[in-house]
Amino acid sequence: MDKKNREMAHRMTAVLTPNYLPQPVSIERGEGCYVYDADGRRYLDLMGGIATAVLGHCHPAVQAALTHQAGKIWHISNLFLSSPQIELAERLTTLCFAEQAFFCNSGAEANEAALKLARRYAHDREEKRFEILAFDGAFHGRTLFTLSATGTPAYWEGFGPLAEGVYHVPFGDLAAAGQRLSDRTAAIIVEPVQGESGVHPAPPGFLQGLRDLADKNGCLLIFDEVQTGVGRTGPLFAHQTSGAEPDIMTLAKALGNGIPIGAMLTRASVGKSLVPGTHASTFGGNPLAAACACAVLDTLTTGGVLETARKTAEHLGRSLEAMAHRLGPDRVADIRGSGHLRAIELTQPATNVIHRCRESGVLIISAGASNVRLAPPLIISNEQIDEGLAVLEAAIAAEIS
Ligand SMILES: Cc1ncc(COP(=O)(O)O)c(C=O)c1O
């Protein structure tokens, strides 16, 4: 570890709660697909700031929106009208099924709002529906309600009692989902691709199957697109290739390209339950974050970025296939994902591979113990993909014999 990075690591352990286990480099700045540490070393960012920097770091259009808005007003609360927030809601509702938006600051808050809305909607219809059906392996956030919906029991440890009435069934199992629904079910919540547990796409027909089950049962369907939304898997929203539409969709991560913002989107017939006073967020939809998110959407939808990204995603997919073939099944158990969200499932824990890549100038992350997750910016070039995968392949070959 170089001098400045070592000093940062020392200072961090003295003053921060130990819930994070950061890699021992302090990232000081970023530009496009590269970031630079405190000692000036350059890294290729194949994790896109944990699936946030969809347009790369310090994208000029988002930076211009941020600095322009920073010279006007930063925050005045939701007690006043705010044009960036309204403009963002107008853009989002044009781009998907939704008619209304509620803005917050993170993915967990967006899902918290979605789950609360599902209960409140049932309450307003005088239905005794409060249960939530979620899936094993799901990740929906760390607030108590979203943690309860998260389907990895290790994350619950020591935080109980969890929210009442939240159930899990195996991801992809329509029969199990159907059996668990009842006249007490308020909503089903599902990720179109389970990101955190290892990039597991919903099996074909699963999302539409859930739509049919929800319609038959009379409960709401929530798609958590916090990780998959805003172009990450190919289309603007991952569910758009499934033919199924949710009643509520949540977004965060890439929406502000790294500036904290979350969104819960829904139809007016459902959103009408959030009457004044029912739900709120001090910073939600603040002008700075909303202006950035508008710039992100404009750049993605009018600048040809999605179209170009589709081609680089094909190159990424082909290159991963070839890499897995060369490394063989003793090292690579599976490769999954689409667009710019991929997992390489290794036959051993991924930690050493991740560290070796970083030491060789490439940043990647895990998703579950033995998966390497790639979530590079959509603006990454074929050459940068080749550069990153060469390092990854060498790291896997060196660490797994
Ligand atoms: C699908 C999904 N939902 C919710 C969250 C929680 O988002 P946040 O960390 O912004 O609260 C995440 C974060 O990884 C996620 O991947």
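Residues numbered from 1 in each chain as written. Predicted model: local features only at pLDDT ≥ 70, side-chain atom pairs only at ≥ 80, totals over all residues. Heavy atoms only, no water.

Participant: Account for the domain arrangement of the protein, naming residues and giving values.
Facilitator: Partitioning the protein into domains gives domain 1 (3-59 + 304-399) and domain 2 (73-302). Placing the centre of domain 1 and that of domain 2 at their C-alpha centroids yields a distance of 26 Å. On the domain 2 side, the residues contacting the 27 residues of domain 1 number 25 residues. The junction of domain 1 with domain 2 conceals about 2100 Å² of combined surface from both sides, 57% of it contributed by carbon and sulfur atoms. Summed over the three residues of domain 1 that lose the most area to domain 2, namely Val54, Leu306 and Leu341, the buried surface amounts to 26% of that side. (Domains from an automatic or database assignment. Contact = heavy atoms within 4.5 Å. Buried area = accessible area lost by both parts, 1.4 Å probe.)

Participant: How would you explain the nonpolar core if you had to name every residue and give the values?
Facilitator: By size, the foremost hydrophobic cluster in this structure holds 34 residues, and its most contacted members are Leu88, Leu92, Leu251, Leu255 and Leu300. Within the residue set of this core, elements represented by two or more residues are helix H3 (60-70), helix H4 (83-95), strand S11 (248-251), strand S12 (262-266), helix H10 (287-302) and helix H11 (305-327). With nine residues, the single largest contributor to this core is H10. Mapped onto the domain boundaries, this core takes at least three residues apiece from domain 1 (3-59 + 304-399) and domain 2 (73-302). Not counting residues up to four positions away in its chain, the partners in contact with leucine 88 are Phe103, Ile261, Ala290, Ala293, Cys294 and Leu297. Listed in part, the 29 residues of the second largest apolar core include Cys33, Cys357, Ile385 and Leu392. (Core = buried A, V, L, I, M, F, W, Y, C linked by side-chain atoms within 4.5 Å. Buried < 20%, exposed > 50% of the residue type's maximum accessible area, 1.4 Å probe, protein only. Helix = DSSP H or I, 4+ residues; strand = E, 2+ residues; numbered from the N terminus.)

Participant: Talk me through the site of the ligand; I want residue IDs and the actual numbers.
Facilitator: Near the ligand lie 13 residues; those nearest to it are Gly107, Ala108, Asp224, Gln227 and Lys253. Between the ligand and aspartate 224, the relevant distance is 2.7 Å, taken from a nitrogen atom to a side-chain nitrogen or oxygen of the residue. Between lysine 253 and the ligand, the recorded distance is 3.3 Å, taken from a side-chain N or O atom to an oxygen atom. When the ligand is considered free in solution it has 390 Å² of accessible area, and contact with the protein chains removes 82% of it. Among the elements that line the shell around the ligand, the one with the most residues is helix H5 (residues 107-124), at three residues. Looking at the shell around the ligand residue by residue, the class counts come to three nonpolar, six polar and four charged. (Near = heavy atom within 4 Å. Polar contact = N/O pair within 3.5 Å; in protein donor to acceptor, adjacent residues only side chain to side chain. Areas by Shrake-Rupley, 256 points an atom, 1.4 Å probe, with all protein chains shown as cover. Nonpolar A, V, L, I, M, F, W, Y, C, P; charged D, E, K, R; others polar.)

Participant: Break down the environment of proline 287 for me, citing the residues and quoting the values.
Facilitator: By the element assignment, proline 287 lies in helix H10. When its relative accessible area of 5% is taken as the criterion, proline 287 is described as buried. Along the chain, proline 287 and histidine 75 lie 212 residues apart, while their C-alpha atoms are 6.2 Å from each other. Apart from residues no more than four positions distant in its own chain, proline 287 is found in contact with Gln69, Ile73, Trp74, His75, Ser82 and Pro84.

Participant: Account for a nonpolar patch on the surface, naming residues and giving values.
Facilitator: Together, Ile73, Ile76, Leu79 and Phe80 make up an exposed nonpolar region whose accessible area comes to about 430 Å². Checked against the element boundaries, isoleucine 76 lands in the loop between H3 and H4. (Patch = residues over 30% accessible without salt bridge, like charges linked within 9 Å, V, L, I, M, F, W, Y side chains within 5 Å. Salt bridge = Lys/Arg side-chain N within 4 Å of Asp/Glu carboxyl O.)

Participant: Can you tell me about the pairing of strand S5 (residues 131-135), naming the residues and giving the values?
Facilitator: Here is the key point about a regular strand: its side chains alternate between the two faces of the sheet. Counting buried residues in S5 gives five out of five residues, a clear majority hidden from the surface. Alternating residues of S5 divide into Glu131, Leu133 and Phe135 and Ile132 and Ala134, and every residue in both groups is buried. The pairing of S5 with strand S7 (residues 185-190) spans three bridges and is parallel. Bridge pairing links glutamate 131 to threonine 185 in S7. Alignment of S5 against strand S6 (residues 166-169), held across four bridges, turns out to be parallel. Looking at the pairing, leucine 133 lines up with tyrosine 167 of S6. Considered for its hand, the β-α-β crossover made up of S5, helix H6 (residues 144-149) and S6 is right-handed. (Pairing = 2+ DSSP bridges. Right-handed = clockwise from strand over helix to strand, strands pointing away.)

Participant: Now, about the packing of H11 against helix H13 (residues 382-399): what can you tell me, with residues and values included?
Facilitator: The description of two helices packed together rests on the angle between their axes and the distance between the axes. Remark: H11 packs on H13, axes separated minimally by 10 Å, with the N-to-C direction vectors making an angle of 20°. Taken together, the axes of H11 and H13 lie roughly parallel to each other. Where H11 crosses over H13, the two elements pack in a sense that is right-handed. Residues Thr312, His315, Leu316, Ser319, Leu320, Met323, Arg326 and Leu327 of H11 touch H13, and the partners they reach there are Asn382, Ile385, Asp386, Leu389, Leu392, Glu393, Ile396 and Ala397. Here the residues of the contact of H11 with H13 sort into nine nonpolar, four polar and three charged. (Axes fitted to C-alpha atoms, helices over the stretch in contact; angles between N-to-C directions. Parallel < 35°, antiparallel > 145°, perpendicular 65-115°, else oblique. Left-handed = near helix turned anticlockwise from the far one by under 90°.)

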